[in-house]
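# Descriptive structure summary
Here is how the chains run, residue by residue.
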Amino acid sequence: MNLKHLFLLILVPFFIATHIHAQVSLGNLNPISYDSPKKYEIGGITVTGVKYLDNNVLIMLSGLSVGDEIMVPGDQISSAIRKLWKQGLFKNIQIKATKIQGNLIFLNIYLQERPRLSKYKIVGVKKSDAENLRDEMHLMTGDVVTENLIIRIKNTVQSYFTDKGFLNASVNIEEISDTTKPNNVLLNIDIDRGNRVRILSINVKGNQNLSDSQIKSALKDTKEKGVIRPMNKLDSLIINVMHDVFSLDFYAIGQDFNHYIDESYKFRIFKGSKFIRDSYDEDKANIIKKYNENGYRDARIVKDSIYLVDESTINIDLDIDEGNKYYFRNINWVGNTKYSAKELSTILKIQKGDIYNQERLETNLSYNPSGFDVSSLYLDDGYLFFNVQPIEVKVEDDSIDLEIRIHEGKQARINKVTVTGNTRTNDHVVIRELRTKPGQLFSRSDIIRTQRELAQLRYFDPEKLGLDYTPNPADGTVDIEYIVEETSADQIELSGGWGYGRIIGTLGLSFNNFSLRNFFKKNAWRPIPSGDGQKLSLRVQTYGAGYVSYGFSFTEPWLGGKKPNAFSVSYYHALYSNGYDSDDPLRSDFRNNSVTFGLGKRLQWPDDYFTLYQSINLQWYNLKNYTTIFNFGTGNGDFYNFSYMVAFGRSSVDAPIYPRSGSDVSISLELTPPYSAFSNKNYKTMDDDEKYKWIEYHKWKFKSDFYTKIVGDLVLSTRIKFGFLGSYNSDIGVTPFERFYVGGDGLYGYNNLDGREIVALRGYGNETITPNYANNSNLGGTIFSKYTMEIRYPLSLNPSATIYALTFMEGGNSWANFRSFNPFNVYKSVGVGIRIFLPMFGVLGLDYGYGFDEVPGLPDANGAHFHFSINQSLD
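First, a word on scope: everything that follows refers to the structure included in this document. The shown structure was predicted, so the numbers you read here are calculated from the model rather than taken from an experiment. (Residues numbered from 1 in each chain as written. Predicted model: local features only at pLDDT ≥ 70, side-chain atom pairs only at ≥ 80, totals over all residues. Heavy atoms only, no water.)

Moving on to the sheet that holds strand β9 (residues 198-205). The 3 strands lie next to each other as β9-β15-β14, forming an open sheet whose pairing is mixed. Single-partner strands in this sheet number two, and they are β9 and β14 (300-310). Neighbouring strand axes in the sheet, compared pairwise and without regard to direction, differ in orientation by 15° on average. Alignment of β14 against strand β15 (residues 313-321), held across 9 bridges, turns out to be antiparallel. Bridge pairing in β15 places L308 opposite I314. This element, helix α9 (residues 277-293), spans β14 and β15 of the sheet and lies at about 140° to β14. (Pairing = 2+ DSSP bridges. Helix = DSSP H or I, 4+ residues; strand = E, 2+ residues; numbered from the N terminus. Axes fitted to C-alpha atoms, helices over the stretch in contact; angles between N-to-C directions. Contact = heavy atoms within 4.5 Å.)

Shown next, in the form of structure tokens:
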């Protein structure tokens, strides 16, 4: 210790003592000798100088009380000052003796309060950043402006901008007296966020067995400036599909596509290079995870350094000790009685000599989201108290012997099953979807399936479905509680779109959790009777005087209340005209009336994801002088379509609005009676009005949608659609009704004159990919195919506003007959889009598509097209 330090150690206590004693003043009373302290009894205590605080509370905080005996001078007064100072509310504290009577002393505590916050403003940043900072600062009018408050504000600002990559953000806080309020201040928070700090270079040392690129690829969110990541296997698959199916040529960094197919860096995607500390710490763990997956279980980062290159860039140095590479050797099972070691090893899928992979071991033992695991084997058979623990019993050279210890426990049965949070939906609607019932053996897969079924109802927020279970080891039972949160299920459909040279608008109401039995109960209208899971839809569509349609539908999803047999009934009416009065001889009109009865059923075979739907449709067309659309007959008369439809499908998608996994596959057949087979009429010479009066056909359709999670919430959606319309009688040919029209935004309603099916194909004009469209003699196609590949990413998964962006590639075509059908001869397009799902309005869609292939006779059919829709499908 040098003389300077010794001098400070002597003087600092002296100055502290002087400061405290200066505050323990006796005013103009007789001076007190510090050499001979005297004992006094406190006769009274007053508080002065404060405005906003309670005097009694302050006296209590000081620790002094009337009647206490204190030494003056003494530690009690100094202690009282320290206690008040700790509150952080004052900038000046003095305790004075105002009067001494014998052995009684009367004290006054003088306190000067710190200023209060009147207002504050944030300057130097964007309005959105200022609003976000206000939410994080939690500043309120009347807050005491202390040093801690100022430090908290600065820390909040710097933390906020550090998360955005601005590591050099600075904050200057100025206190300005508020002249309108005494002892109040205005805070001017001036922020300079500085330049965004990016990572210039990541330097890796010590790696011998994993390349620099492999290690850097493990850094998910920590990337070098201007560096783009190598293409992975999924990227390769996508590019090859685009190249082979869509015949698109790709160029990357000035080199042709085929060259890059053979290179490890053949296709790259840009990644941000901002530095975020939390993400960096997670990424370091990802490096170790990467090594562990390759058998290097002892790998560690010996040292890492982060240093400034200039004011806007940093470098990162990583020094890695890889350790040795290990392999699995002998794996022994202990404690298993339910299943043999051979059965368990088959599920574990690890063989002697495999690279030692800790994550693979734990995944196949405990939870494998993409397959079956050992835990699932037991937990799906009631073994709730099952436990498995792998132990390394021997490590020799590069080999590891494992002993996998199993505690099977007893099978547990379900005792109680409850649902909480369903404030609108009636209990029986939720209970009938539960796959877990009291008395059953516990099954983890049944719980997962139940959560899926609850999400599919669309009455609850799928992101907030919760589960709580309480095991009771004493009696071998478990209580299960499903936690749900209601979300809006009803929709006001304000649907619209631009198509066919006009704006077509729709007004509809869809009550998706309706209750018919409470329809006549006055108290149930809040605003409509709800809670029984029924669906009631009302819809009106028009583009003006020439067209109006309306309809309604009602669905009971559990007909009879015991089985999930969905019964539906719907009615539809449409009137198309040229706008003339009904008694005008020049009037043309076309009426369409139909009623449909449907019955859907969940199947148990091949598994319980399968469904069977059947319906009967009764449809009547009435034409009067209507030859504008139909290129047959006189445009007059009645036409009848009585058909039966059966659809067999399987849906395993995990969520209805933004699926991340699963599939939706269906095949359907719609057919009418073969009237001509029971008639002796000559259909070759019959006029069209008579020939097509009783519409006959068979119509086949196939659809498949597959959803694959790429990483996180990034999802690949692949879809295929086929349709075929056939005839029974070659003399009649294929009916002009019920045909396929391909191209455009798929706007459905107005153009559904004749039962036609509209198939969207983005990047092309409406219905332009239809046989003979160019010469205005299009009767529609009798066969079509369509292929779609989309990559989707959610911007918001909030159930009140689900938003996701997408990029797509599409191909499709339609043909007049089967002889000209070629499924690989398709019109191709690419584009981007966005979907916004609002519970009250449905799905809003906007797509920009570019069609690559020219359509014969229609030079404007392809090229760039915007497609906008409200509650319309662009699939």
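From this point, things continue past the structure.
Applying the stated rule across the entire model yields 33 aromatic pairs. Each ring, one from F161 and one from F166, has its centre 6.1 Å from the other, and the planes form 85°; the classification is edge-to-face. A single burial state applies to F161 and to F166, both of which are buried. Ring pairs connect the aromatic residues Y547, Y576, F590, Y621, F639 and F737, which therefore count as one cluster. Above the plane of the ring of Y326 lies R297, whose end atom (NZ or CZ) is 5.0 Å from the centre. (Phe/Tyr/Trp six-rings, centres within 6.5 Å; stacked < 30°, edge-to-face > 60°. Buried < 20%, exposed > 50% of the residue type's maximum accessible area, 1.4 Å probe, protein only. Lys NZ or Arg CZ within 6 Å of the ring centre and 35° of its normal.)

Of all hydrophobic cores here, the largest spans 28 residues; its most connected members are Y576, F590, Y621, F639, I769 and V855. Put simply, the parts of the chain that give this core at least two residues each are β26 (565-577), β28 (610-624) and β33 (740-742). (Core = buried A, V, L, I, M, F, W, Y, C linked by side-chain atoms within 4.5 Å.)

This brings us to the packing of helix α4 (residues 127-137) against helix α5 (residues 147-163). Orientation of α4 relative to α5, taken along the N-to-C sense of each, is 130°, at an axis distance of 10 Å. Relative to α5, the element α4 is oriented oblique. The two elements α4 and α5 meet at a crossing, and its hand is right-handed. Contact residues: D129, N132, L133, E136 and M137 in α4; R152, I153, T156, V157, Y160 and F161 in α5. Here the residues of the contact of α4 with α5 are counted per class, giving 6 nonpolar, 2 polar and 3 charged. (Parallel < 35°, antiparallel > 145°, perpendicular 65-115°, else oblique. Left-handed = near helix turned anticlockwise from the far one by under 90°. Nonpolar A, V, L, I, M, F, W, Y, C, P; charged D, E, K, R; others polar.)

Turning our attention to the packing of helix α2 (residues 55-62) against helix α3 (residues 75-85). For the pair α2 and α3, the least separation of the axes is 8 Å and the interaxial angle reads 120°. Relative to α3, α2 is oriented oblique. Of the residues in α3, those touching α2 at L58, L61 and S62 are A80, K83 and L84. Grouping the amino acids of the contact of α2 with α3 by side-chain chemistry returns 4 nonpolar, 1 polar and 1 charged.

Among all positions in helix α10 (residues 341-348), only L344, I347 and L348 are buried. Burial along α10 is one-sided: seen end-on, the buried residues are contained in an arc of 105°. Along α10, exposed side chains directed more than 90 degrees from the buried face belong to K342 and T346. As for α10, its buried residues are in contact with β16 (327-334), α11 (358-365), α12 (374-379) and β18 (399-407). (Arc of directions from axis to C-beta.)

Judged by side-chain charge, K126, K164, R193 and K274 come together as a positively charged surface patch. The topology assignment puts K126 in the loop between β6 (116-123) and α4. (Patch = residues over 30% accessible without salt bridge, like charges linked within 9 Å, V, L, I, M, F, W, Y side chains within 5 Å. Areas by Shrake-Rupley, 256 points an atom, 1.4 Å probe, with all protein chains shown as cover. Salt bridge = Lys/Arg side-chain N within 4 Å of Asp/Glu carboxyl O. Lys, Arg positive; Asp, Glu negative; His and termini not counted. Charge placed at Lys NZ, Arg CZ, Asp CG, Glu CD.)

A few words on the side chain of D754. One can find D754 in the loop between β33 and β34 (757-759). Judged by its relative accessible area of 2%, D754 is buried. Looking at D754, its side chain comes within polar contact range of the side chain of R756, at 2.8 Å. (Polar contact = N/O pair within 3.5 Å; in protein donor to acceptor, adjacent residues only side chain to side chain.)

The next subject is the environment of T770. Inspection of the secondary structure assignment puts T770 in the loop between β34 and β35 (783-798). Look at T770 and you get buried, because its relative accessible area is 7%. Sequence separation of T770 and Y741 is 29 residues, and the distance between their C-alpha atoms is 5.6 Å. Among the polar contacts made by the side chain of T770, one reaches the main-chain carbonyl oxygen of E767 at a distance of 2.7 Å.

As far as function goes, none of this settles anything; it's purely spatial.
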